[in-house]
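Each chain, letter by letter, is given below.
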Amino acid sequence: MKRYFSNYSMALILGVSSLAAMSCSNKENTEDIQANKGNVSIRSVRFVNDDDVIDVNATAKKGSVSTSQQSAVALQASMTFESKAVSPLNIQSASEFDFATDMQSNALTQSDNNLRASTNSNKLRAADVPLSDKKKFRLIFIKDGASKPLYNELLNAGQDPDLKVEANSKYRWYAISINDVSTAPDIDANGRIAGADLANKDFMFASGEITTQTDNNYLDILFLRQMAAVEVDINTRGAFGGITDNSAFSLGKGAGNTFANIIQTGDFSIFNGTFSNLQDVAPIKGSEMIVVDSRWGNAEKKAYFYTANTSAISANNLRVRLNSLHIALDDNSIRNFSENTIVPISHSEALNMTKGTLSKTNVRLIESGVSVNGLVWARTNLVYDSQKLYGGSYTAGASDAYRFRTDNNYSYPSINTEYWNFGATTPRGTDYRTVDQCKRVYPELTWRSPLEGDPSNPKAEYTKLTENSNRKTSITKVPDGYRHTITWIGTQAANSAYPDNDLVLGFYGYIDANGIRQQIPSGSSAGTGILRYKSATYNTGSNENRILYVEVSNGTFQNMSIQLVAFNQGNTIRCVRNVVNN
């Protein structure tokens, strides 16, 4: 028994000794392994940013009333009846609307384009901007000589990877971002990012090599944009409605059947930093665009187009294509324009599309008019919407209160919004002769009130209407009664986007000095009433305004004439274009 115990004790002692020896050996091995490991930490995540733009012969002149720093007095003077000021915009015509554009561009210098992310420097450059900690990026680590990534994960800017590396080894690293808060694209087995994952994305890329050491290894990631960007701002305030979600827009060059999309994506190799298999990107939808200003909402939206095709665009060859344009009007109806209308962008110099550059163009769409007697007349009457002042008072460039009605399909105008005292800032205002209300229609100075001098005066624009026999009278059933009108036939091309292609003036009577509406004809055949449209011409001695005047008596239309009425009587207004379209 004793011997047995002795042998057992011996075995136990040997076993414990062996375990102790093994434990010491494992500890030493672990320490050796740990001594050959290092951590990877990210010291900074930044990207090259350059939003400065230079003018490329913009067609909007500097100092336009919407953006200039003119004094309030000078600006107000430009909108009086006496002022000869016209819109500084170079307004052109498409088939269904008018437009004005401008173009700005920038180009990173060659040294900027050659920037590469560095692992051993965190020297900040003037244009470097930290990536928001809410944005995602993908970090990939591949050991030198290996084909598969050691690490491939999504990170937030400011987050360190859970990454252990061997010390004294070389690794290649790659960082991918599309400047997005939720994702960053991945690579396939060949190190390529699929073009579909980069379509119209703000794609940024960084890469480098690092020879690791024990303990901490720091990365300074500097992203470079890999595409050229064009910001397109589409403004429909001058068309009196907002861009619908199902509108769509493309960017390209050429016109008609020669139009070619310049917005392309492609498969991107992280190993050589190049695109291949370029392919067109789908149009941008209205729902994908960004509202520029909440005051007028969808009436001005911008889209960013990103392209892997960095070929320069020759002078005056950039085009915005309105694949589909639909505008939601004040009465909630939708105005539909023809598909694939081309808007040319003026730029007298070639447009540099080097990767990392940002170009900007503004497209202002303006309601087209009808041509009669050599003038372009507004299609509908001027109305006032105080909700669209966007503040307590009118501000040039920032108010849409002065606008045109949706259509002529009515017999009773609103007493408070469509009858105007002469030169008053509001329809029933008493600040007479203060402003030509038509000149406040956005964009300012694009429209004006008709002139009516002595009948022999070439500026007697209403007199010319009275002499134009290419007209007709009508009594038409409309939703609120019977509309009595005189219609002059427009000489411009027919336009299916609008309900009327002729100059239609209604017998809407007037508002007397007591605010009572007078002389609107009623009935289908026996109506009696008056047509009165204000001009810009007045007599200072008697405080009277010249108007176009026509009576209808028991359904019989009388001769037209020019008459004088007091400033404090409210009349309807039909504006004319203040500039001649190119």
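Residues numbered from 1 in each chain as written. Predicted model: local features only at pLDDT ≥ 70, side-chain atom pairs only at ≥ 80, totals over all residues. Heavy atoms only, no water.

S.K.: Is there a simple way to explain the state of the cysteines in this structure?
M.R.: Each disulfide is one covalent bond, formed between the sulfur atoms of two cysteines. The full count for this structure, using the stated rule, is 1 disulfide. Cys-438 shares a disulfide with Cys-575; S-S distance 2.0 Å. Of note, the bridge from Cys-438 to Cys-575 carries an S-S torsion of about -85° and is left-handed in sense. Here Cys-575 lies in the loop between strand 40 (561-566) and strand 41 (576-577) and Cys-438 lies in the loop between strand 30 (402-404) and strand 31 (447-448), a separation of 137 residues in the sequence. (Disulfide = S-S within 2.5 Å. Helix = DSSP H or I, 4+ residues; strand = E, 2+ residues; numbered from the N terminus.)

S.K.: Even after reading the chapter, I still don't get the packing of aromatic side chains, so can you show me in this structure?
M.R.: What describes a pair of aromatic rings is the distance from one ring centre to the other and the angle between the planes of the rings. Per the counting criterion, the structure on display carries 28 aromatic pairs. Measuring from centroid to centroid gives 5.7 Å for Phe-97 and Phe-337, while their planes differ by 80°, and the two rings are edge-to-face. Of the two residues, Phe-97 is situated in the loop between strand 3 (92-93) and strand 4 (98-105) and Phe-337 in the loop between strand 24 (334-336) and strand 25 (341-345); the sequence distance between them amounts to 240 residues. For the pair Phe-137 and Phe-223, a centre-to-centre distance of 6.0 Å together with 75° between the ring planes defines the contact as edge-to-face. On the criterion of sequence distance, the pair formed by Phe-137 in strand 6 (residues 136-143) and Phe-223 in strand 12 (residues 215-225) is long-range, its members being 86 residues apart. You can call Phe-223 buried: its relative accessible area is 0%. Members of the aromatic cluster, each reached through a chain of ring pairs, are Tyr-174, Phe-203, Phe-205, Phe-268, Phe-271 and Phe-275. (Phe/Tyr/Trp six-rings, centres within 6.5 Å; stacked < 30°, edge-to-face > 60°. Buried < 20%, exposed > 50% of the residue type's maximum accessible area, 1.4 Å probe, protein only.)

S.K.: Please explain the sheet that holds strand 24 as it appears in this structure.
M.R.: Backbone hydrogen bonds are what pair the strands of a sheet, in a parallel or an antiparallel way. With antiparallel pairing, 3 strands are arranged side by side in an open sheet as 14-23-24. Only two strands of the sheet have a single neighbouring strand rather than two, namely strand 14 (241-243) and strand 24. Strand-to-strand twist of the sheet, defined as the mean angle between neighbouring strand axes without regard to direction, takes the value 30°. Examined bridge by bridge, strand 23 (residues 326-329) and strand 24 share 3 bridges and lie antiparallel to one another. Within strand 24, the residue paired with Ala-328 across the bridge is Ile-334. (Pairing = 2+ DSSP bridges. Axes fitted to C-alpha atoms, helices over the stretch in contact; angles between N-to-C directions.)

S.K.: What is the right way to read the sheet that holds strand 33 (residues 481-488) from this model?
M.R.: Taken together, 3 strands build an open sheet; the order of strands is 32-33-34 and the sheet is antiparallel. With partners counted over all chains shown, the strands left at the sheet margins are strand 32 (471-478) and strand 34 (503-506), one partner each. Along the sheet, successive strands turn relative to each other by an average axial angle of 35°, direction set aside. As judged from the 4 bridges shared by strand 33 and strand 34, these two strands associate in the antiparallel manner. By the bridge assignment for strand 34, Thr-485 is matched with Gly-506.

S.K.: Would you mind going over the side chain of Glu-452 with me for this structure?
M.R.: The residue Glu-452 is located in the loop between strand 31 and helix 5 (461-467) in this model. For the buried residue Glu-452, which engages in no salt bridge, the nearest side chain bearing the opposite charge is Arg-546, 5.2 Å off. Among the polar contacts made by the side chain of Glu-452, one reaches the main-chain amide nitrogen of Tyr-462 at a distance of 2.9 Å. Of the polar contacts made by the side chain of Glu-452, one reaches the side chain of Thr-463; its length is 2.6 Å. Excluding anything up to four places from it in sequence, Glu-452 contacts Lys-459, Ala-460, Glu-461, Tyr-462, Thr-463, Ser-535, Thr-537, Arg-546 and Ile-562. (Lys, Arg positive; Asp, Glu negative; His and termini not counted. Salt bridge = Lys/Arg side-chain N within 4 Å of Asp/Glu carboxyl O. Polar contact = N/O pair within 3.5 Å; in protein donor to acceptor, adjacent residues only side chain to side chain. Contact = heavy atoms within 4.5 Å.)

Fair warning: the whole summary comes from geometry, so function is off the table for now.
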